[in-house]
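Structural description and commentary
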Protein chains: 2
Amino acid sequence: MPDDRSSPKEVSYSGRNRVLDEAERLFRTRGYNAVTMRDIACEVGIRQASLYYHFSSKEQLFVAVTERLFERHRIGLQQAIDQDCDDLRSQLHATAAWFLSQPPIYFLSMVHTDMPCLSEENVTRLSNAFEKSIFELIRQIFAQAQERGEIRNTRPQLLAGLFLSVMESIPFVNTRPGAVSGEMIVNEMISVLLDGLKL
Amino acid sequence: MPDDRSSPKEVSYSGRNRVLDEAERLFRTRGYNAVTMRDIACEVGIRQASLYYHFSSKEQLFVAVTERLFERHRIGLQQAIDQDCDDLRSQLHATAAWFLSQPPIYFLSMVHTDMPCLSEENVTRLSNAFEKSIFELIRQIFAQAQERGEIRNTRPQLLAGLFLSVMESIPFVNTRPGAVSGEMIVNEMISVLLDGLKL
DNA sequence: CCTACCGATCGGTAGG
DNA sequence: CCTACCGATCGGTAGG
C-alpha cells in the first residue's frame, strides 16, 4: 500500500475538499471539457474511480466547484465594497483589487464553452449563482453611485458588464509586449471609465 | 448510393470551402475541443474520414478556419475604418458596426480554451495573425486619434484591449433581462469611453 | 471521396 | 477509497 502522498499539507484536510481544490484549479485554467476525471484524480493522488465516491459525476463536481468559487467571490467582493463605502472611484478600485488578488476567472469562456456541456438545470443554477454572487454586486455599485448623483444616467447593467469584461481581459492584455502590472492597467481603465478620453 | 444532398447550394462550390464554412460555424459556436470531426463531416454531408482528404488533421483544419476568419475581419475592419476617416468617434462606430454585422467571435475563449490544445507553432502563428489582422488595426485607431490631439495620453494598447473585450461581451450582456439592441449598447459604451461617467 | 477499421481515451459502474 | 472493467467515442490510417 503506497502511502507517501506528495503533499500531506494539513492534518484534517478532508478528501472531498482536496478534490474540490484541485478540480477548481484545473477547471479554471483549462475549462470543463479539456479536464478529465483522471487529471483531477492524478493531482489529488487517488484513483479516477475514487472520485465517484465524493461526487456522482463530472458535471456534479463542476457544479460544486463553480458554486464554491462564486460564493468565495461574493464574500470577497462584499468585503471589498463595504470597507470603502464612500465614492464610486474607491469602490471600483477595491473591487478591482479583489479580482487581481484572485486567480483569474473567465466568465465569458465559461458561458461560451463550459455551460453548453451541462444540463439545462445546471445551466440555470450556475447562471443564477453568478447573477446573485457577482454581477448584482457590481451592478449595485454603479446603481448607487447614480442614485447619489455621482455619475450621469447610464444603465448600471451595461456598466457592470463593461467592468467585468475589462477585468477579465486583463490577463490577456497583460501578455503583450510592454506588459505592465495589473494595478496600472486597472488604474488607467477606471480613469477612462470615469473621466473619459476627451482632453 | 444516396445522392440526395440536403443543400446543393451553388454549382461550383468546392468541397474544401464547404468544409471550411461548416467547420468555422461549429468551431465558432462551440470551441475547438467540443467539436468533433464527425460533427463537421455530418454538417458537410460527407463521411468523417473524407475530411482528411482536404485537411491533414483536425488542428490543421482549425488553423485554416481561423486564419481565414481573421483575414476576413482584417478586410472588413480596414474598409470600415477607411470609409469614416475623420474623427475617433465615427471610426469607433464604424468598427463596432462591423463587429455587430458579423457572427460573434470569442477571442478570450479562443486564447483561454482553444489555443492550449494546439501545437506551440500554431499558437504563435494564430497569435501573430490575430495581432496583425485585428488588434493592430484597433490599436492604430486610438494611436492616431492621440497623435491628432483628439484624446488625452493613454496607452493605445490598453484602449484596444478594452474596446475588443467590450465588443466580445455584448452578446453576453445582451442575454440578460431588459435586453436591448447591440447598437444601443455600442452607443452607450462609446459614449462612456469618450466622455466618461462624470456628470 | 468511400468503407472498414484501429489504438487511445473518455466518463462511469460493479464489487469489494 | 481500491481493482478491474465496460461501452462509447475520439482522431486518424489503410486501401481503394
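Worth saying up front: this structure is predicted, and the values here are computed from it rather than measured.

**Observations concerning the protein's contact with DNA strand D**
Inspection of the region around DNA strand D gives 17 residues, with Arg-47, Ser-50 and Tyr-53 of chain A together with Gln-48 and Lys-58 of chain B positioned closest. Among the atoms of DNA strand D close to the protein, meaning within 4 Å, 54% are from sugar or phosphate groups. One nitrogen or oxygen atom from the side chain of Arg-38 of chain B is found 3.0 Å from a base nitrogen belonging to DNA strand D. Here Lys-58 of chain B contributes a backbone N or O atom positioned 2.8 Å from a phosphate oxygen of DNA strand D. The set of elements that each furnish at least two residues to the surface near DNA strand D consists of helix H3 (51-54) of chain A together with helix H2 (37-44) of chain B. Taken together, the residues that form the surface near DNA strand D break down as seven nonpolar, six polar and four charged.

**Describing the domain arrangement of chain A**
All names here are of chain A. Split by domain assignment, chain A resolves into domain 1 (1-56) and domain 2 (59-195). Computed over C-alpha atoms only, the centres of domain 1 and domain 2 are separated by 28 Å. Listed as interface residues are 15 residues of domain 1 and, on the opposing side, 16 residues of domain 2. Carbon and sulfur atoms make up 68% of the area that domain 1 and domain 2 hide from each other, which totals about 1300 Å². When residues of domain 1 are sorted by the area they lose upon contact with domain 2, Glu-24, Arg-28 and Tyr-32 head the list and together hold 50% of the total. We note a salt bridge from Asp-21 to Arg-68, for which the minimum N-O separation is 2.9 Å. Put simply, the parts of the chain that give the side of domain 1 that touches domain 2 at least two residues each are helix H1 (15-30) and helix H2 (37-44). Counting residues per element, the side of domain 1 that touches domain 2 draws most heavily on H1, which supplies eight residues. Partitioned by chemical class, the residues of the side of domain 1 that touches domain 2 number eight nonpolar, four polar and three charged.

Each value, and the rule that gives it
- Residues numbered from 1 in each chain as written.
- Chains lettered and ligands numbered in written order.
- Predicted model: local features only at pLDDT ≥ 70, side-chain atom pairs only at ≥ 80, totals over all residues.
- Heavy atoms only, no water.
- Near = heavy atom within 4 Å.
- Polar contact = N/O pair within 3.5 Å; in protein donor to acceptor, adjacent residues only side chain to side chain.
- Helix = DSSP H or I, 4+ residues; strand = E, 2+ residues; numbered from the N terminus.
- Nonpolar A, V, L, I, M, F, W, Y, C, P; charged D, E, K, R; others polar.
- Domains from an automatic or database assignment.
- Contact = heavy atoms within 4.5 Å.
- Buried area = accessible area lost by both parts, 1.4 Å probe.
- Salt bridge = Lys/Arg side-chain N within 4 Å of Asp/Glu carboxyl O.

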